[in-house]
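# Structural overview for review
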Amino acid sequence: MVFPMVFLKLADWVFYQLLANSCYRAARKVRNYGFFTRNQTTRSSSSQQQAGSLFPSVAHFDLCNDDGTPRTLVCDIHGVLLRTEIFFPYFMLVAFEAGSILRAFLLLLSCSFLWVLDSELKLRVMIFISVCGLKKKDIESVAMAVLPKFYLENLNLQAYQVWSKTSSRVVFTSIPRLMVQGFLKEYMSADDVVGTELHTVGNRFTGLLSASGLLVKHKALKEYFGDKQPDVGIGSSSHHDHRFISLCKKAYVVDGKNNQTCVMPRDKYPKPLIFHDGRLAFLPTPLATLCMFLWLPFGIVLAIFRILVGICLPYRLAIFWGSLSGVQIRFHGSFPSSKSQHKRGVLYVCTHRTLLDPVFLSTVLCKPLTAVTYSLSKMSEIIAPIRTVRLTRDRKQDGETMQKLLSEGDLVVCPEGTTCREPYLLRFSSLFAELADEIVPVAMNAHVSMFYGTTASGLKCLDPIFFLMNPVPSYHVQILGKVPAEFTCAGGKSSFEVANYIQRKLADALGFECTTLTRRDKYLMLAGNEGVVHDHKRN
């Protein structure tokens, strides 16, 4: 009986709420925007000025008056903590990353009629398309691994400065609580988040709201605090927010002008952004998402062409045709000798940005290399134009394997063990330092504009394809000088000291920051596992 009841509720909402209730609003909007544009603009601007005069701007908050008295702050994330005025991009991220590309396309198509709906119906439609049928754990994963990057990039600096001066913070929002709670508690240290709750059947969302419906902020605030008044309230210039913040002792509004004073610099993030997941490298606004879908067919063809160029053509021709197709390679440094004095191959120690790091190094050097890796999909092995060898995570066995490979030729190793997208270097494994005394560090960095070529929870076999689908993917390759003998194990240093020394040298060359985080830390945060694929043996 559960499914018929859900179907009846959905039918009632579609035919009554969406169609009947929105026809009158659509007619009013068409009339206002089509025939009375000048009057509408005058009315809206005057109403905003009148609304802004009711409460002072958040820029007038006295940040220096910190007398140590505990203060409680209430606000919304939408339009207050975030500079973006629309929440469509974040629903698109959920639809694309937790759902599928078809769900994302359907959400994009909904933009054709969303503009005629009021704010409540817009939110209901976006919620339904984005989460209907999805598992709770999938949305929780996207909320913790994907959305924080975009939230941090769109934080309002002025609102955050007030936020940081208070001791207790509660967020009230009509956005689904599941989409914002992880970020607000993990990165913003929010004490509580009160938001719209979603209806579920089992462990999946129906796309409908719970019985309480959309959260009404001023009512929720009264229920939460009772007769007690919060000390500070921050809202937008909307009428609903004015009712909300008027219940506080002191109220401020966020300036609607999205100027540079509101942009949050990276060094002022409340918590460093080191790990994040997801394929989309841009904020998917409706226009940006439309451009992505228009580019997608060309991007797939272009990626296949670039792969064939890398596999089939000699190095110099591959560089030439690759650059014509939009791939940018910047090289700095000098070419090391191919053989050391001990008649062994050169050990290249690289930073790890994508699976293509060894491929681009081999292309720049114009010679074949062997790359060792802990995990590589069969598809990546097939399309790789260089030799790849799997490691087992058994230190003794892996050391013997790498020693043998060094005796056969040049070897590439990425001691971080996993990729990192942000300007940080993970802890270096010290195994490589025990294998060779002549080591060449290589600082590598990759830049994309549309798709990330790495993933922690998605299909790793598609990593190279997504990277090469970008219109203009770029790689920066900088070969540093050979590590001096006094900084190697032969010079009396321990393998850990050598690894830390090379990590610092590479971080300085790239302008990155060293960390002690590992592959295990990354996968526990992004995928909920340790990033190790166990072999299931028969008993």
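Procedures and definitions
- Residues numbered from 1 in each chain as written.
- Predicted model: local features only at pLDDT ≥ 70, side-chain atom pairs only at ≥ 80, totals over all residues.
- Heavy atoms only, no water.
- UniProt positions renumbered as here; feature names shortened; annotations may be inferred.
- Helix = DSSP H or I, 4+ residues; strand = E, 2+ residues; numbered from the N terminus.
- Buried < 20%, exposed > 50% of the residue type's maximum accessible area, 1.4 Å probe, protein only.
- Contact = heavy atoms within 4.5 Å.
- Areas by Shrake-Rupley, 256 points an atom, 1.4 Å probe, with all protein chains shown as cover.
- Phe/Tyr/Trp six-rings, centres within 6.5 Å; stacked < 30°, edge-to-face > 60°.
- Lys NZ or Arg CZ within 6 Å of the ring centre and 35° of its normal.
- Pairing = 2+ DSSP bridges.
- Right-handed = clockwise from strand over helix to strand, strands pointing away.
- Core = buried A, V, L, I, M, F, W, Y, C linked by side-chain atoms within 4.5 Å.
- Axes fitted to C-alpha atoms, helices over the stretch in contact; angles between N-to-C directions.
- Polar contact = N/O pair within 3.5 Å; in protein donor to acceptor, adjacent residues only side chain to side chain.
- Parallel < 35°, antiparallel > 145°, perpendicular 65-115°, else oblique.
- Left-handed = near helix turned anticlockwise from the far one by under 90°.
- Nonpolar A, V, L, I, M, F, W, Y, C, P; charged D, E, K, R; others polar.
- Salt bridge = Lys/Arg side-chain N within 4 Å of Asp/Glu carboxyl O.
- pLDDT = per-residue confidence, 0-100.
- Patch = residues over 30% accessible without salt bridge, like charges linked within 9 Å, V, L, I, M, F, W, Y side chains within 5 Å.

Going by what an unreviewed UniProt entry lists, the protein is known as Phospholipid/glycerol acyltransferase domain-containing protein and is assigned to Hibiscus sabdariffa. According to the UniProt record, the Subcellular location (unreviewed entry) comment for the protein reads "Membrane". According to the UniProt record, the Sequence similarities (unreviewed entry) comment for the protein reads "Belongs to the GPAT/DAPAT family."

Within the protein one finds 21 helices and 16 strands. Here the protein holds 539 residues, and the buried ones make up 49% of them. Long-range pairs, those at least 24 residues apart, make up 74% of the contacts in the protein between residues at least 6 apart in sequence. On the protein, roughly 26,500 Å² of surface is accessible, and the fraction owed to carbon and sulfur atoms is 57%.

What follows deals with helix α16 (residues 357-365). Among the 9 residues in α16, 9 count as buried, and that is most of the element. If you check which residues of α16 are buried, you get Asp-357, Pro-358, Val-359, Phe-360, Leu-361, Ser-362, Thr-363, Val-364 and Leu-365. In the stretch just after α16, Cys-366 is the one whose phi turns positive, near 60 degrees.

Going through the model one piece at a time under the given rule, you end up with 18 aromatic pairs. Aromatic side chains Tyr-224 and Phe-225 sit 4.9 Å apart centroid to centroid with 65 degrees between the ring planes, which places their arrangement in the edge-to-face category. A relative accessible area of 37% places Tyr-224 in the partly exposed class. On the basis of relative accessible area, Phe-225 is assigned to the buried category, the value being 14%. Put simply, the rings of Phe-87, Tyr-90, Phe-91, Tyr-151, Phe-183 and Tyr-187 touch in pairs and so form one group of aromatic residues. The aromatic ring of Phe-150 is capped on one face by Lys-149, whose charged end is 4.3 Å from the ring centroid. Lying across the ring of Tyr-187, Lys-271 places its NZ or CZ 5.3 Å from the centre.

On to the pairing of strand β6 (residues 232-235). In β6, alternate side chains face the same way, and those of Val-232 and Ile-234 on one face and Gly-233 and Gly-235 on the other are all buried. Relative to β6, strand β1 (residues 72-75) runs parallel, the two sharing 3 bridges. Residue Leu-73 lies in a different strand from β6, and its bridge partner there is Val-232. Examined bridge by bridge, β6 and strand β7 (residues 250-253) share 4 bridges and lie parallel to one another. What sits directly across from Gly-233, in β7, is Ala-251. Traced from β6 through helix α13 (residues 239-245) to β7, the parallel crossover comes out right-handed.

Judged by nonpolar contacts, the single largest core of 104 residues is most densely connected at Met-179, Leu-184, Tyr-348 and Leu-361. In terms of residue count, the dominant contributor to this core is helix α4 (residues 88-99) (9 residues). Met-179 has contacts with Phe-87, Tyr-90, Phe-91, Val-94, Ala-143, Leu-147 and Tyr-151, leaving out every residue within four places of it along the chain. Core analysis: the second largest hydrophobic core is formed by 29 residues, Leu-425, Val-498, Ile-502 and Leu-506 among them.

The parallel open sheet is built from 5 strands, whose spatial order is β3-β2-β1-β6-β7. This sheet does not close on itself; its edge strands, each paired only once, are β3 (192-196) and β7. Pairwise comparison of adjacent strand axes, ignoring direction, gives a mean angle of 15 degrees for this sheet.

Relative to the elements of secondary structure, Ser-130 occurs in helix α7 (residues 119-131). Ser-130 gets classed as buried once you look at its relative accessible area, which sits at 0%. Each C-alpha atom of the pair Ser-130 and Phe-205 lies 10.0 Å from the other, and the pair is 75 residues apart in sequence. A polar atom in the side chain of Ser-130 sits 3.4 Å from the backbone oxygen of Phe-91.

Moving on, we come to the packing of helix α5 (residues 101-109) against α7. Axis separation between α5 and α7 bottoms out at 9 Å; the angle between their running directions is 165 degrees. Taken together, the axes of α5 and α7 are roughly antiparallel relative to one another. Our pair here, α5 against α7, has a crossing hand that is right-handed. When α5 is examined against α7, the residues Arg-103, Leu-106 and Leu-107 are found in contact with a partner set consisting of Met-126, Ile-129, Ser-130 and Val-131. Among the residues forming the contact of α5 with α7, the class breakdown is 5 nonpolar, 1 polar and 1 charged.

The subject of this paragraph is the pattern of salt bridges. Counted by the stated rule, this structure contains 15 salt bridges. A salt bridge links Asp-231 to Lys-249; its shortest N-O distance comes to 3.4 Å. With a gap of 18 residues between them, Asp-231 in the loop between α12 (217-225) and β6 and Lys-249 in the loop between α13 and β7 connect regions that are remote in the sequence. With relative accessibility at 18%, the residue Asp-231 sits in the buried group. For Lys-249, a relative accessible area of 55% gives the class exposed.

Looking now at the confidence of the model for the protein. For the protein, the mean per-residue pLDDT works out to 86, and 86% of the residues sit at or above 70. This stretch, residues 29-52, has a pLDDT under 50; its non-local contacts, to residues over four places away or in other chains, come to 13 contacts. Across residues 535-539, confidence stays below pLDDT 50; counting only partners more than four residues off in sequence or on other chains, it has 0 contacts.

This paragraph deals with the side chain of Arg-421. Relative to the assigned elements, Arg-421 resides in the loop between β12 (411-413) and β13 (424-425). A polar side-chain atom of Arg-421 sits 3.2 Å from a polar atom in the side chain of His-276. Those residues in contact with Arg-421 that lie beyond four places of it in its chain are His-276, Asp-277, Gly-278, Arg-353, Tyr-452, Thr-454 and Thr-455.

Together, Phe-305, Leu-317, Phe-320, Trp-321 and Leu-324 line one region of the surface with nonpolar side chains, adding up to about 490 Å² of accessible area. No other element matches helix α15 (residues 315-324), which puts 4 residues into the nonpolar patch. Structurally, the position occupied by Leu-324 is in helix α15.

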